[in-house]
Amino acid sequence: MNDLDFQVIQKVLAGEKRAYAQLVDRHKDKAMALAVRMLKNHQDAEEALQDAFIRAFNALPRFEWKSSFSTWFYRIVYNVCATALSKKGSAQLLSLDGEEGNETFGLLSDIELPDIEFELDEFRQIVQEEINKLPHTYASVLTLFFIQEMSYEEIVETSELPLGTVKNRLFRARTMLRDAVLKRLIEVVRKEKVA
Amino acid sequence: MTHLTMSQILHFVDGAADYATQAQCTNHLAVCERCRKEVEIQKNLSKSARKNPYATSLRFTERVMTRVAPQPGFSWTTKILNNVANVFAMMLVLGVLGYAISSTSSFKLEGSPEFSSLSKSFTDSYTKLKESVQQRTNDLTVKVQPVSSSRSQRFVIFALFALITLGVVDRFLLRQLTKTKL
Ligand SMILES: [Zn+2]
């Protein structure tokens, strides 16, 4: 449990409402990543996030410390974004997830891989772009895992999805990301050869 | 050769593999370049995926806070009441200062010749300024009202000046105060 969050929450509950700004500052940017990757739009994401912070503030007296503040808070963010998506008519949070694949590498594995300079900003840029292209069902789980650094159990708690689904989505998200990034890299190398 | 599965590689990269899988991976990676490459790719994908390129806009926290814990706003009546005292104080100070400067009699200070010449040049320039201001005020006010005495003109100028200064100072102070509170 985050001691800093705990102290701030105690202050807020004791009536020092302005202390809540510290919680907002501490969590806003990471939460923004989740919101943008779910809603695929910066402005919608910020509105949803503002809504989530206000809801969390109002629900704070009912927060029971069964989980960390961040897990509890991200559940609110996740739900607010899911509601926004369903309003847009693009809710597909229950997609058809298969079994966790035990497959070996995807199609690209037999392609002669270029020597990749992973330190390049270009590589990071490509990874970020390809994460954004993933469907929100996968992008959200991936973000909770990498940016919020959540365990499977915490992702289950946040998304209220079954453990099997979480594992499966994360696995798929990572293989999809890998294939997409490698495709891009091969493209880059091909262009360089032509030039 | 049977290669590692993608799940095994991901568990290995995450440091989440059980002891047996860990050993199996290490042994295999020692002899298989293809799987080593895959591990390398996954490690770097994870590293890049951990970077958060997003941030909220500048005044995001402020916007949230005005919704959840609005600052006790001043009502217009309290604002005016607070300012009335300031207005009078400022007008008093400026009035006295203005009177002292405009009435040459109070400048009959005995002192060094440097001071006298300085004060004389100051008084002269003030008189010139006053005359030009009076001229302009006359030009402006003559159309609106009949020519008033120079005393009341002076009062009007000082009152206006005092109010404007006060407004500027007040706004500035209020801004500084609200800034430091946030
Ligand atoms: Zn192998």
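Our structure is the block above this text.
Parameters at a glance
- Residues numbered from 1 in each chain as written.
- Chains lettered and ligands numbered in written order.
- Predicted model: local features only at pLDDT ≥ 70, side-chain atom pairs only at ≥ 80, totals over all residues.
- Heavy atoms only, no water.
- Axes fitted to C-alpha atoms, helices over the stretch in contact; angles between N-to-C directions.
- Helix = DSSP H or I, 4+ residues; strand = E, 2+ residues; numbered from the N terminus.
- Parallel < 35°, antiparallel > 145°, perpendicular 65-115°, else oblique.
- Left-handed = near helix turned anticlockwise from the far one by under 90°.
- Contact = heavy atoms within 4.5 Å.
- Bend = angle between axes of the 7 residues up to and from the residue.
- Buried < 20%, exposed > 50% of the residue type's maximum accessible area, 1.4 Å probe, protein only.
- Buried area = accessible area lost by both parts, 1.4 Å probe.
- Salt bridge = Lys/Arg side-chain N within 4 Å of Asp/Glu carboxyl O.
- Nonpolar A, V, L, I, M, F, W, Y, C, P; charged D, E, K, R; others polar.
- Donors = N, O, S within 2.8 Å, 3.2 Å for Na, K, Ca; no water.
- Tetrahedral: all angles 85-135°; square planar, octahedral: opposite > 155°, others 65-115°.
- Phe/Tyr/Trp six-rings, centres within 6.5 Å; stacked < 30°, edge-to-face > 60°.
- Core = buried A, V, L, I, M, F, W, Y, C linked by side-chain atoms within 4.5 Å.
- Patch = residues over 30% accessible without salt bridge, like charges linked within 9 Å, V, L, I, M, F, W, Y side chains within 5 Å.
- Areas by Shrake-Rupley, 256 points an atom, 1.4 Å probe, with all protein chains shown as cover.

J.: Please explain the packing of helix α7 (residues 152-159) of chain A against helix α8 (residues 163-194) of chain A as it appears in this structure.
T.: The description of two helices packed together rests on the angle between their axes and the distance between the axes. Residue and element names in this part refer to chain A. Following both chains from N to C, one finds α7 and α8 inclined at 110°, their axes separated by 9 Å at the closest point. Viewed along their axes, α7 and α8 adopt a mutual orientation that is roughly perpendicular. Helix-helix and strand crossings are classified by hand; for α7 and α8 the assignment is right-handed. From α7, Tyr152, Glu153, Ile155, Val156 and Ser159 reach across to α8, where they touch Leu163, Val166, Lys167 and Leu170.

J.: Honestly, helix α2 (residues 20-39) of chain A in this entry has me stumped. Any pointers?
T.: All names here are of chain A. In the structure, α2 departs most strongly from a straight axis at Lys28, where the bend amounts to approximately 50°. Judged by how many residues are buried, α2 sits mostly within the fold: 15 of 20 residues are covered. Positive backbone phi, at 60°, marks Lys40, one or two positions downstream of α2.

J.: Looking at this structure, how should I read unusual backbone geometry?
T.: As a rule of thumb, non-glycine residues mostly have phi less than zero, and peptide bonds are mostly trans rather than cis. Residues and elements named next belong to chain A. Located in the positive-phi region is Glu149, a residue other than glycine, with phi close to 50°. Relative to the helices and strands, Glu149 is located in the loop between α6 (136-146) and α7. According to the relative accessible area criterion, Glu149 is exposed, its value standing at 55%. Its identity as a non-glycine residue notwithstanding, Glu160 has a phi of 55°, on the positive side. Among the structural elements, Glu160 can be located in the loop between α7 and α8.

J.: Where do I start with the interface of chain A and chain B in this structure?
T.: Interfaces are often sized by the amount of accessible area the parts lose when they come together. Facing 49 residues of chain A, the contacting portion of chain B comprises 40 residues. Counting each side, the surface lost to burial between chain A and chain B is near 4,100 Å², with a carbon and sulfur contribution of 61%. Counting every contact that joins chain A to chain B gives three salt bridges. Salt-bridge contacts for Glu46(A) lead to Arg63(B); the nearest nitrogen and oxygen are separated by 2.6 Å. When residues of the side of chain A that touches chain B are assigned to their parent elements, the largest contribution, 11 residues, is made by α2(A). Here the residues of the side of chain A that touches chain B are counted per class, giving 24 nonpolar, nine polar and 16 charged.

J.: Before we go on, may I ask you to explain the coordination of the zinc ion in this structure?
T.: Metal coordination angles have textbook ideals: 109.5 degrees for a tetrahedral set of four donors and 90 or 180 degrees for an octahedral set of six. All names here are of chain B. Within the protein, the atoms that donate to the zinc ion are His3 (ND1), His28 (NE2), Cys32 (SG) and Cys35 (SG), at distances of 2.0 to 2.3 Å. The coordination sphere of the zinc ion comprises four donor atoms, whose angles at the metal cover 98 to 129°; the geometry is tetrahedral. For the zinc ion, the donor residues sit on a single chain with the sequence spacing H-x24-H-x3-C-x2-C. Taken as a pair, His3 in the segment before α1 (6-14) and His28 in helix α2 (residues 19-31) lie far apart in primary sequence, 25 residues in all. A relative accessible area of 22% means that His3 is categorised as partly exposed.

J.: Please explain the packing of aromatic side chains as it appears in this structure.
T.: Each aromatic ring pair is summarised here by two numbers: the centre-to-centre distance and the angle between the ring planes. In this structure the tally under the stated criterion is 13 aromatic pairs over all chains. Between Phe145(A) and Phe146(A), the aromatic rings sit 5.0 Å apart at their centres with planes inclined by 80°, giving edge-to-face as the arrangement. On the basis of relative accessible area, Phe146(A) is assigned to the buried category, the value being 3%. Following the ring pairs from residue to residue traces out a cluster consisting of Phe6(A), Tyr20(A), Phe53(A), Phe57(A), Phe63(A), Trp65(A), Phe69(A), Trp72(A), Phe73(A), Tyr74(A) and Phe60(B).

J.: Explain the nonpolar core here, please?
T.: Side chains of nonpolar character tend, in soluble globular proteins, to be buried together. One finds Tyr20(A) and Val77(A) to be the most contacted residues of the largest nonpolar core, which totals 69 residues. The element that contributes the greatest number of residues to this core is α2(A), accounting for 12 residues. Counting residues in hydrophobic clusters, the runner-up holds nine residues, among them Phe12(B), Val13(B), Leu29(B) and Cys32(B).

J.: Explain a nonpolar patch on the surface here, please?
T.: On the surface, Phe155(B), Val156(B), Leu160(B), Ile164(B) and Val168(B) cluster together into a nonpolar patch covering about 510 Å² of accessible area. In this structure, Leu160(B) sits in helix α7 (residues 150-181).

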